[in-house]
Amino acid sequence: MPLGRAARSPGRASVLAASPRMMASSQASRPAMAKRFVQHKQEAKTFYRFLSIVYDTIVNPGHWTEEMRDEALKPASVFQPDLDTVDVGAGTGFCTLGVVKAGVKPEKITMIDQSPHQLAKARKKEGLKGVTILEGDAEDLPFETDSKDRYVSAGSIEYWPEPQRGICEAYRVIKPGGLACVIGPVYPTNPISRFFADTWMLFPTEQEYMDWFTAAGFEDVKLKRIGPWWYCGVRRHGLIMGCSVTGRKKAAGESPLQLGPKMEDVAKPAVSRVAKLTRLLLGTTAGFYYFCVPVYMLLKYMLIWPLSLVWKNAHEKLM
């Protein structure tokens, strides 16, 4: 398939409603509660102290393009200028810029992230002037119950020690009838990719996303698959940004799912400095594999492209 819009559209991904079992690449099993080396708050905070330097220039182009972002945000319906919106795990503000582009006024948006280094990048962006920027915890948001029209979180859930708790917080802070949208990784089926995914950070299955939203109390839960255009829909290696999941809050108040005390507090290190450094180094080493995967997939796409001139389904069959 030549380098045309048909090949480049992330909208090729299906929109899936909640069901007993999800399809295809999501069926690989993984130990749901086993923590990866960087699926810890302190490790993630240190990880982004360095990753923030190259996040917008190296990380996003290979994993999280503007086209993907715009498609992922469509189910969140962030089109009205006066929607009170929170972007959780907002980082350098790439997703927040997408919310502004979709139509929400900057003055109606609050960004929150635990990384001061990521937020420092966001504060320098002209397109985010007027946005409220806070440092905080996705699992313990500093907002009143039933106070937000929209909740958006992109590229953050993979670092949450308790993803169910974070999604329950999303339910708590939005108003009845409001929408929550979580955009994040999907779990690989390729054995080598599974090893590195499980070593690095949380790569949920599609079914886990749906289950977490449903358990938190959301209704009308839907999942939209996304991915870089040059992957041509391939998902076996997993994706750092692979799906957008939305749900609607059906009743006022907190989530009906009540959880106990938090497993981790970012202000209170759970392990020694040596253990933290060891986990960080091992996790970062595994994460480097996923910085290579988009390059590999792009090279593969380019090698197949001449063949696609005479064979219409070359990329679909050979990627």
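Residues numbered from 1 in each chain as written. Predicted model: local features only at pLDDT ≥ 70, side-chain atom pairs only at ≥ 80, totals over all residues. Heavy atoms only, no water.

> It is not clear to me how the overall build of the protein chain should be interpreted in this structure. Could you clarify?
Of regular secondary structure, the protein chain possesses 11 helices and eight strands. Within the protein chain, the fraction of its 319 residues that count as buried is 56%. Relative to all contacts within the protein chain whose residues are 6 or more apart in sequence, the contacts with residues 24 or more apart total 77%. Of the accessible surface of the protein chain, which amounts to about 13,800 Å², a share of 60% is contributed by carbon and sulfur atoms. (Helix = DSSP H or I, 4+ residues; strand = E, 2+ residues; numbered from the N terminus. Buried < 20%, exposed > 50% of the residue type's maximum accessible area, 1.4 Å probe, protein only. Contact = heavy atoms within 4.5 Å. Areas by Shrake-Rupley, 256 points an atom, 1.4 Å probe, with all protein chains shown as cover.)

> Please explain the pattern of salt bridges as it appears in this structure.
Once the charged atoms of two side chains with opposite charge are near each other, the side chains can pair. Tallying each qualifying case throughout the model produces 16 salt bridges. Between Arg69 and Asp70 there is a salt bridge whose closest N-O contact spans 3.2 Å. Classification of Arg69 by relative accessible area gives buried; the value is 3%. Judged by its relative accessible area of 22%, Asp70 falls in the partly exposed class. (Salt bridge = Lys/Arg side-chain N within 4 Å of Asp/Glu carboxyl O.)

> Looking at this structure, I do not really get the side chain of Lys148. What am I missing?
Mapping Lys148 onto the fold places it in strand E5 (residues 148-154). A polar side-chain atom of Lys148 sits 3.2 Å from a polar atom in the side chain of Asp84. In this structure, Lys148 is in contact with Asp84, Val86, Thr110, Phe143, Val173, Ile174 and Lys175, ignoring residues within four places of it in sequence. (Polar contact = N/O pair within 3.5 Å; in protein donor to acceptor, adjacent residues only side chain to side chain.)

> Looking at this model, I keep getting lost on the packing of helix H3 (residues 55-63) against helix H10 (residues 273-308). Mind explaining?
Relative to each other, H3 and H10 sit at 60°, their axes nearing to 9 Å. Viewed along their axes, H3 and H10 adopt a mutual orientation that is oblique. Crossing hand, H3 versus H10: left-handed. In this structure, H3 contributes Val59, Gly62 and His63 to the contact, and H10 contributes Tyr290, Phe291 and Pro294. (Axes fitted to C-alpha atoms, helices over the stretch in contact; angles between N-to-C directions. Parallel < 35°, antiparallel > 145°, perpendicular 65-115°, else oblique. Left-handed = near helix turned anticlockwise from the far one by under 90°.)

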